[in-house]
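Topology and contacts: notes
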Amino acid sequence: MHRHEHSEHPTPAIDKPALVRRLRELLPAEAVLSTEEDLRPYECDGLSAYRRLPMVAVLPETVDQVQAILKLCHQHNVPVVARGAGTGLSGGALPYEQGLLLSLAKFKQILEIDTTRRTARVQPGVRNLAISQAVEEFGLYYAPDPSSQIACTIGGNVAENSGGVHCLKYGLTVHNIHKLKVVTIDGELLEIGGDGLDSPGYDLLALLTGSEGMLAVIVEVTVKLLPRPERAQVLLAAFDDVVKAGVAVGNIIAAGIIPAGLEMMDRLAIQAAEDFVHAGYPRDAEAILLCELDGTNEEVSEHIFAVRQILQQSGATEVRTARDDAERLTFWKGRKAAFPAVGRISPDYYCMDGTIPRKQLPEVLRRMGELSQEYDLAVANVFHAGDGNLHPLILYDANKPGELERTEEFGGRILELCVEVGGTITGEHGVGMEKINQMCVQFDALELTQFHAIKHAFDPEGLLNPGKAVPTLHRCAEFGAMHVHRGELPFPELERF
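Summary of the structure given here. (Residues numbered from 1 in each chain as written. Predicted model: local features only at pLDDT ≥ 70, side-chain atom pairs only at ≥ 80, totals over all residues. Heavy atoms only, no water.)

So, the overall build of the protein
On a plain count of helices and strands, the protein comes out with 17 helices and 20 strands. Relative to a compact globule of 497 residues, whose C-alpha radius of gyration would be 23 Å, the protein shows 23 Å and is just as compact. Considered along the principal axes of its C-alpha atoms, the protein spans approximately 70 × 60 × 45 Å. Counting over 497 residues, the protein shows a buried share of 56%. Charged side chains in the protein number 46 positive and 69 negative. The centres of these two groups are separated by 3 Å. (Helix = DSSP H or I, 4+ residues; strand = E, 2+ residues; numbered from the N terminus. Rg over C-alpha atoms; globule rule 2.2 N^0.38 Å. Buried < 20%, exposed > 50% of the residue type's maximum accessible area, 1.4 Å probe, protein only. Lys, Arg positive; Asp, Glu negative; His and termini not counted. Charge placed at Lys NZ, Arg CZ, Asp CG, Glu CD.)

Structure representation (structure tokens):
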């Protein structure tokens, strides 16, 4: 084992009763949960296929308490998994059985709104949507808008570098924050980033964003606020072929137009969303594109005309323009409700998250269709088409023996396909537990060693979110051996382990 590569299974140097006693010296008794009944709500995040109970869970209310908890865990070698709202979809908040679950649910205050600088200081437990609601009276909003924005928290958004339907024009979380306050595993409080447009030294703000709770625990976030555009309007285009819809995405971007949002749904997702939300989607379409354009009145009018022409030239069978803001919001409501809508038509679904170059969209959609037939599992496609972030939903029934395992293998093939065409295994959901084997496909041994070195610099004992996101080289060797055993080794990177 490399000196910077840690075991996936740290062993605490303190037993559960002793840990609970020490924690109750730091927190009110009701903030320390240790019985199975109390711990059961924390057994998984949004990826419920992975479940396990933590040894203990705590709900601190102050930064001082978080520091004291982490110091205690560091002193006694207790692994720590930080948790927000639990809406993550990669198993990133899956507890560690011999560790502590640190819930930040009580950190839900908006501390300051600065309308001059257009910033807001918020605690990590503040819901994404609550930020925009709090600043609406000032004509401002927070741009990243994951589909789970009504429930997901800003701390989790930073940990996973979440995006949303408007990320094409306005960027991911990393592009919309100025500063973080974080606590390291030994209890030190650090301020990362600053109030200016740039900060001296290394860009640790970008490093911490998307680090999945492996480097530090976020206790405060300063977000960037944007003025609401003068006008926003949505076009809905229907296609009789998903490949044509994929080509249309590239044609819009190639014309030099950057929509605020550019989303795609296929027939299965369209029908599920329409039955659930009644958004007015054309049920007979093989795919639809939702294209939102925003800016000044003149700019939007010009772009609406140009995009309509592009969509028609790309083979759209129907193009609609939202008549008013209410219809615009209804169109988006269908898209944002697509995940729960699909949950109504299948006992279970497995939500994937990969990113590809836009030009590869038609080819990847075609090959995913072939994989769907190979595994005999239906797929509903809902994704951020503008930036190539795919969210295939694989429909399955966990009650059928072997079907979950077949679904996971199918999902792994989709992620490996993304890498094969020049993409990446995640766009915004993170790696967590779900994609850890595919990290072995995307990165070679030297690159993974550097990841472990960064982890070691922040967390030498490997106590923060152990076993997540970055695989050990031993795990990659086992993954490569499994491919060889199956008679396949599609990626030369695996030969290096």
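So, next bit.
Considerations on helix H11 (residues 325-336)
With 12 residues, H11 extends 16 Å from end C-alpha to end C-alpha; this agrees with the ideal 16 Å at 1.5 Å per step. Along H11, the positions that sit buried rather than exposed are Glu327, Arg328, Phe331, Trp332, Gly334 and Arg335. Each buried residue of H11 lies within a common arc of 155° when the element is viewed along its axis, so the set occupies one face. Exposed and facing more than 90 degrees away from the buried side of H11 are Ala326 and Lys333. The opening residue of H11 is aspartate 324, an N-cap whose side-chain oxygen sits 3.2 Å from the backbone nitrogen of alanine 326. (Expected span 1.5 Å × (residues − 1). Arc of directions from axis to C-beta. Polar contact = N/O pair within 3.5 Å; in protein donor to acceptor, adjacent residues only side chain to side chain.)

Some thoughts on the sheet that holds strand E12 (residues 231-239)
With antiparallel pairing, seven strands are arranged side by side in an open sheet as E15-E12-E14-E13-E18-E20-E16. In this open sheet, the two strands that pair with only one neighbour each are strand E15 (318-321) and strand E16 (348-351). Pairs of neighbouring strands in the sheet enclose a mean axial angle of 20°, with direction left out of account. The pairing of strand E13 (residues 261-266) with strand E18 (residues 379-383) spans two bridges and is antiparallel. Bridged to methionine 265 within E18 is valine 382. The strands that helix H14 (residues 403-420) touches are E16, E18 and strand E20 (392-396); relative to E20, the one it contacts most, it runs at about 160°. (Pairing = 2+ DSSP bridges. Axes fitted to C-alpha atoms, helices over the stretch in contact; angles between N-to-C directions. Contact = heavy atoms within 4.5 Å.)

Thoughts on the nonpolar core
Core analysis: the biggest nonpolar cluster contains 61 residues, and Met264, Leu311 and Leu361 have the highest contact counts within it. Broken down by element, this core gets its largest block of residues, seven residues, from H14. Not counting the four nearest positions on each side in its chain, leucine 311 is found in contact with Leu235, Ala237, Phe239, Ala248, Ile252, Leu289, Ala316 and Val319. (Core = buried A, V, L, I, M, F, W, Y, C linked by side-chain atoms within 4.5 Å.)

Structural notes on the side chain of glutamine 438
With respect to the element layout, glutamine 438 can be found in helix H15 (residues 436-442). The exposure class assigned to glutamine 438 is buried, which follows from its relative accessible area of 7%. Among all residues touching glutamine 438, those that are not within four sequence positions of it are Gly412, Leu415, Glu416, Ile425 and Phe479.

A few points about the packing of helix H13 (residues 361-375) against H14
Where H13 contacts H14, the axes come no closer than 11 Å and their chain directions differ by 160°. Taken together, H13 and H14 sit at an angle that is classed as roughly antiparallel. Note that H13 runs across H14; the crossing there is right-handed. Residue-level contacts link Val364, Arg367, Met368, Leu371, Ser372, Glu374 and Tyr375 of H13 to Arg406, Glu409, Phe410, Arg413, Ile414, Leu417 and Glu420 of H14. By residue class, the composition of the contact of H13 with H14 is seven nonpolar, one polar and six charged. (Parallel < 35°, antiparallel > 145°, perpendicular 65-115°, else oblique. Left-handed = near helix turned anticlockwise from the far one by under 90°. Nonpolar A, V, L, I, M, F, W, Y, C, P; charged D, E, K, R; others polar.)

Some points on the layout of surface pockets
For the second largest pocket, the calculated volume is near 690 Å³. Lining the second largest pocket are 29 residues, and of these Gly210, Ser211, Glu212, Val431 and Met439 lie nearest its centre. Broken down by secondary-structure element, the contributors of at least two residues to the lining of the second largest pocket are helix H7 (204-208), H15 and helix H16 (445-458). Take the lining of the second largest pocket: its biggest share by element is three residues, from H16. When grouped by side-chain class, the residues that make up the lining of the second largest pocket number 13 nonpolar, 11 polar and five charged. (1 Å grid on protein atoms, 1.4 Å probe; cavity = no way out; pocket = protein on both sides within 12 Å on 5 of 7 lines; lining within 4 Å. Points joined across faces, edges and corners; volume = space filled by probe spheres on them.)

Quick look at the state of the cysteines
In total, this model carries one disulfide according to the counting rule given. Two residues share a disulfide in this structure: cysteine 440 and cysteine 476, whose sulfurs sit 2.1 Å from each other. The S-S bond linking cysteine 440 to cysteine 476 shows a torsion near -80°; that makes this disulfide left-handed. With cysteine 440 in helix H15 and cysteine 476 in helix H17 (residues 473-485), this pair connects stretches of sequence that are 36 residues apart. Since its relative accessible area comes to 0%, cysteine 440 is described here as buried. Considering cysteine sulfurs only, cysteine 418 is the nearest to cysteine 351, which forms no disulfide, with 12 Å between them. Judged by relative accessible area, cysteine 351 falls into the buried class, the value being 5%. (Disulfide = S-S within 2.5 Å.)

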